[in-house]
Structure formats: structure tokens, C-alpha cells
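Chains, contacts and geometry: an overview
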Amino acid sequence: MSDLEIKIELPEVDEHKNIKVDNYLDKPQHENVQYPCDKCDYHARTQSNLRVHQQSQHEGVVHFCNQCEFHSKRQSDLKIHQRSIHEGIRYSCIKCDFYTTTQTNMKNHQDSKHEGIRYACHHCDFLATKQSNLKAHQ
């Protein structure tokens, strides 16, 4: 097992552009586009998300690690496990001691902690540090 550390430096962000109004739900291509699960109340935004949901929640699909006892309902979680645990891949912040197992988490960390980026709700004063938190709020 090797430990591979990857340092990520994101481009500087103009301090006047650090609040993003996330209105992706208002875009025409997302209006009323939902893919309902026929077995529960879940609604997906894409057909592939619906397929993953159905496989993991209703069909019993489980992905097993070939190097240890780890298993997951989602293949993406298995891939993160294998890369972080068995390949030793970590993403380290160049501005502090934070590290994580995914590049997406590193971008979220740098955006929220070092760049001060917040996603504003256009219905109230709520500010989120991640788009997913704004989505959950709405």
C-alpha cells in the first residue's frame, strides 16, 4: 500500500463574487423534470440517479471490496474506499492541515473555508456553504 498525497490549489476568487445565488432549480431544463421511483416516494433528477437508487434500495445490489470486508450499496462509495484505504490517496489543502479522500470535498472545503463562498437562498436570508445544503434547505 502506498500513500499518495495530492495538493490541490484552486484559482483565486474575487472577494466581491463570493456569494452565489443558486437558482439552478429555476432553469427551464430542470422544470418539472423528475424521474419517480415506482416502488417508493423517491424522485430523481436524472434517469441514472433513479437507476442507482433502484439498484441499491430495491434490488439489493451490493458492491464488495476485493481487498477487505468493506461493502457498499453505491459503486462510487466503493471506489472512494479503495482509493483512500488501499491506495492511500488523500487530497491535502495547501492553506491548512485539512485533508480528505475526494477532490470534490477539497473543493468544497477551499470554497467555504478559504474563499468564503456561500450559496444564497432567493426566498430568505439563508446562506449555505455547499450547493447540496442549499438544496436541502429549499
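These remarks concern the structure in this document. (Residues numbered from 1 in each chain as written. Predicted model: local features only at pLDDT ≥ 70, side-chain atom pairs only at ≥ 80, totals over all residues. Heavy atoms only, no water.)

**Let's talk about the overall build of the protein**
Within the protein, the regular secondary structure consists of four helices and ten strands. Seen in sequence order, the protein has helices and strands lined up from the N terminus as β-β-β-β-α-β-β-α-β-β-α-β-β-α. Here the protein holds 138 residues, and the buried ones make up 25% of them. Of the roughly 10000 Å² of accessible surface on the protein, a fraction of 46% belongs to carbon and sulfur atoms. (Helix = DSSP H or I, 4+ residues; strand = E, 2+ residues; numbered from the N terminus. Buried < 20%, exposed > 50% of the residue type's maximum accessible area, 1.4 Å probe, protein only. Areas by Shrake-Rupley, 256 points an atom, 1.4 Å probe, with all protein chains shown as cover.)

**Quick look at the environment of His122**
Counting through the fold element by element, His122 comes out in the loop between β9 (118-120) and β10 (127-128). For His122, a relative accessible area of 36% puts it in the partly exposed group. Separated by 16 residues in sequence, His122 and Gln138 have C-alpha atoms that sit 9.6 Å apart. In terms of polar contacts, His122 uses its side chain to reach the side chain of His123, at 3.4 Å. (Polar contact = N/O pair within 3.5 Å; in protein donor to acceptor, adjacent residues only side chain to side chain.)

**A closer look at helix α2 (residues 75-86)**
Compared with the 16 Å implied by 1.5 Å per residue over twelve residues, the 16 Å span of α2 between its first and last C-alpha is a close match. Of all the positions in α2, only Leu78, His81, Ser84 and His86 are classed as buried. Buried residues of α2, viewed axially, fall in a sector of 155 degrees; they line one side. Looking at the packing, one finds that the buried side of α2 touches β5 (63-64), β6 (71-72) and β7 (89-93). Just downstream of α2 lies Gly88, where phi reads positive at about 70 degrees. (Expected span 1.5 Å × (residues − 1). Arc of directions from axis to C-beta. Contact = heavy atoms within 4.5 Å.)

**Describing the pattern of salt bridges**
As enumerated under the stated definition, the model contains four salt bridges in all. Note that Lys39 and Asp38 form a salt bridge whose closest N and O atoms lie 3.9 Å from each other. Each member of the pair, Lys39 as well as Asp38, is classed as exposed. (Salt bridge = Lys/Arg side-chain N within 4 Å of Asp/Glu carboxyl O.)

**Digging into helix α3 (residues 103-114)**
In this model α3 runs 16 Å from its N-terminal to its C-terminal C-alpha over twelve residues, within 8% of the 16 Å that 1.5 Å per residue would give. Of all the residues in α3, the buried ones are Met106, His109, Gln110, Asp111 and Ser112. Residue Gly116 follows α3 closely and has a positive phi angle near 70 degrees.

**Topic: the side chain of His81**
Mapped onto the elements of the fold, His81 is located in helix α2. Residues contacting His81, with those up to four places away along its chain left out, are Cys65, Cys68, Phe70 and His86.

**Overview of the environment of His63**
Position of His63 relative to the elements: it lies in strand β5. Residues His63 and Gln75 lie twelve residues apart in sequence; the distance between their C-alpha atoms is 6.0 Å. If near-sequence neighbours (up to four positions away) are discounted, His63 is found in contact with Phe70, His71, Ser72, Lys73, Arg74, Gln75 and Leu78.

**Here we look at the pairing of β7**
The buried fraction of β7 is high, at four of five residues. Joining the antiparallel neighbours β7 and strand β8 (residues 99-100) is a turn of five residues. (Pairing = 2+ DSSP bridges.)

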